[in-house]
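Observations on chain architecture
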Amino acid sequence: MHMIENASSWRSPSNIALVKYWGKYDPQLPANPSLSFTLSESFTETKLEILEESGRGDFDFEVFLDYRKAEDFKPKIQKFLGRIASELDFIKGRKFSIHTYNSFPHSSGIASSASGMSALALCLLSLSPQGKVMSPSAFFQKASEWSRLGSGSASRSVYGPLGLWGKTEGIAESSDEYAIPYQGKVDPIFNEFCDTILLVEKGQKAVSSTAGHGLMKGHPFAQQRFAQAHHNLANLQKILAKGDLEAFGNLVEHEALTLHAMMMSSQPYFILMKPNTLKIIELIWEFRRESQKPLYFTLDAGANVHLLYPKHIEQEALNFVNKEIKLYLNNGEYICDRVGNGPTKLM
Ligand code: DP6
């Protein structure tokens, strides 16, 4: 048995970008700003336990997923810890263990890096001498900065209902180093938004996001894309304030397809959608044409489809999923998520 000297535990959510982060440069800085809905039901719970001396100058750790050793998680975490090493004196020479659990099915294609890296960053900061004396706002800003160094999109998971990451014109507090809670006016229709995650394909992504970001280096359309993201973010702010659902849907669908278009036109090129992804998009458009209901989609860098819609059409949306979409899903699986408020300290 190990003596547990100090432990911290956090639950941190995943998020879904409306304006996408795609392209980065060292050290983990975004090529353009992004804005996301923080989710509620898709989260990671992580417990960090600092154990005895490691017997080495450096630190030493083990990672467990659902109580099983997860060796394959170690390299990404090692890289993350390396990036913040100068602030980790309090664990130098120690052993520690990371226990983690995801609320969403294993390898469902939902990115666990946003929730996982933010949960770990929050645990580390809670145990650090600097974290213990910070004001709540300084604490979350620092946690977001550390999360970013683990995974870019993780920086936004620290705040709900909307996280903004990246220097944005007109928002003085915005930064490439950390996300901020989005403070602009938001129509109440967006406070109760649903995200039904349609699992088209399970398993590892065809292209890791880090490799994907790399494809933007030297991409012939990169500069236009980055400029477009700034433009879309400026528009999205007006749309959120007005509660204009049609303009919202138009913008997020266009962002999603642009992200995929970037991958289709990079060198090497990738198609991350599957035939069923396209089928589902067609069905969504057909549903919208016929019902005139505000049901839209976005995609991340994979084949799954996120259905976005306001709470008041939830029943119709779920009927549509069950009747028309389910047969195109992997084992008929989907996850009912919604906009959430950010991380919770468990211990
Ligand atoms: C398509 O945050 O997973 O989901 O910083 O390399 O860890 P790394 O990448 P990651 O990229 C996410 C890309 C995206 C869009 C987004 O979430 O903004």
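It should be emphasised that the depicted structure is a prediction, and the values quoted were computed from it without experimental measurement.

Cut-offs used in this document
- Residues numbered from 1 in each chain as written.
- Predicted model: local features only at pLDDT ≥ 70, side-chain atom pairs only at ≥ 80, totals over all residues.
- Heavy atoms only, no water.
- Axes fitted to C-alpha atoms, helices over the stretch in contact; angles between N-to-C directions.
- Helix = DSSP H or I, 4+ residues; strand = E, 2+ residues; numbered from the N terminus.
- Parallel < 35°, antiparallel > 145°, perpendicular 65-115°, else oblique.
- Left-handed = near helix turned anticlockwise from the far one by under 90°.
- Contact = heavy atoms within 4.5 Å.
- Nonpolar A, V, L, I, M, F, W, Y, C, P; charged D, E, K, R; others polar.
- Patch = residues over 30% accessible without salt bridge, like charges linked within 9 Å, V, L, I, M, F, W, Y side chains within 5 Å.
- Areas by Shrake-Rupley, 256 points an atom, 1.4 Å probe, with all protein chains shown as cover.
- Salt bridge = Lys/Arg side-chain N within 4 Å of Asp/Glu carboxyl O.
- Lys, Arg positive; Asp, Glu negative; His and termini not counted.
- Charge placed at Lys NZ, Arg CZ, Asp CG, Glu CD.
- Domains from an automatic or database assignment.
- Buried area = accessible area lost by both parts, 1.4 Å probe.
- Pairing = 2+ DSSP bridges.
- Buried < 20%, exposed > 50% of the residue type's maximum accessible area, 1.4 Å probe, protein only.

On to the packing of helix α7 (residues 222-242) against helix α8 (residues 245-264). Relative to each other, α7 and α8 sit at 160°, their axes nearing to 10 Å. If you check the angle between α7 and α8, you find them roughly antiparallel. As for how α7 packs across α8, the hand of that crossing is left-handed. On the side of α7, the interface is formed by Arg225, Gln228, Ala229, Asn232, Asn235, Leu236, Ile239 and Leu240, while α8 contributes Ala247, Phe248, Leu251, His254, Glu255, Thr258 and Met262. Its residues placed into classes, the contact of α7 with α8 shows 8 nonpolar, 5 polar and 2 charged.

Let's shift gears to a negative patch on the surface. On the surface, Glu282, Glu286, Glu290 and Glu324 cluster together into a negatively charged patch. At 3 residues, the largest contribution of residues to the negative patch is made by helix α9 (residues 275-291). Inspection of the secondary structure puts Glu290 in helix α9.

According to the domain assignment, the chain consists of domain 1 (7-187) and domain 2 (190-338). Here the C-alpha centre of domain 2 lies 24 Å away from the C-alpha centre of domain 1. Contacts between the two partners involve 36 residues from domain 1, matched on the other side by 48 residues from domain 2. Overall, the association of domain 1 and domain 2 removes approximately 3600 Å² of surface from exposure, summing both partners, and the carbon and sulfur fraction of that is 64%. Considering only the side of domain 1, the residues that lose the most area to domain 2 are Lys20, Trp22 and Asp187, jointly responsible for 22% of the buried surface there. Joining domain 1 to domain 2, the criterion identifies 1 salt bridge. The salt bridge partner of Arg338 is Glu41, with a shortest N-O separation of 2.7 Å.

Once that is clear, we can look at the sheet that holds strand β11 (residues 296-299). Ordered by their spatial adjacency, 4 strands build an open sheet running β11-β12-β10-β13, and the pairing between neighbours is antiparallel. Two strands lie at the open edges of the sheet, namely β11 and β13 (334-338), each paired on one side alone. Strand-to-strand, the axes of this sheet are offset by a mean angle of 25°, without reference to chain direction. Note: strand β10 (residues 193-198) against strand β12 (residues 305-310), 6 bridges, orientation antiparallel. In the strand pairing of β12, Ile197 is matched with His306. The sheet contacts of α8 involve β10, β11 and β12, and relative to β11 the element is tilted by about 30°. Its contacts with the sheet place helix α10 (residues 314-325) against β10, β12 and β13, and it is angled at close to 150° to β12.

Let us look at the pattern of salt bridges. Any two side chains of opposite charge can pair, given that their charged atoms come close. One pass over the full model with this rule turns up 13 salt bridges. In this structure, Asp89 engages Lys92 in a salt bridge whose closest nitrogen and oxygen atoms are separated by 3.1 Å. Residue classification places Asp89 among the exposed residues on the basis of a relative accessible area of 55%. Within the structure, one salt-bridge network assembled from shared partners comprises Glu62, Lys69 and Lys74.

Right, let's talk about unusual backbone geometry for a bit. In this structure, the amide linkage connecting Asp26 to the following residue, Pro27, adopts the cis form with an omega of -15°. Along the chain, Pro27 falls in the loop between β2 (24-25) and β3 (29-30). In this structure, the amide linkage connecting Gln267 to the following residue, Pro268, adopts the cis form with an omega of 0°. Considering the arrangement of structural elements, one finds Pro268 in the loop between α8 and α9. Phi at Asp66 takes a positive value of approximately 50°, unusual for a residue other than glycine. Tracing the chain through its elements places Asp66 in the loop between β5 (60-65) and β6 (68-69).

Once that is clear, we can look at the packing of α9 against α10. Relative orientation of the contacting elements α9 and α10 amounts to 135°, with a least axis distance of 12 Å. Considered as vectors, α9 and α10 are oriented oblique to each other. As α9 runs across α10, the sense of the crossing is right-handed. Of the residues in α10, those in contact with Ile280, Leu283, Ile284 and Phe287 of α9 are Glu316, Phe320, Glu324 and Ile325. Along the lines of polarity and charge, the residues of the contact of α9 with α10 split into 6 nonpolar, no polar and 2 charged.

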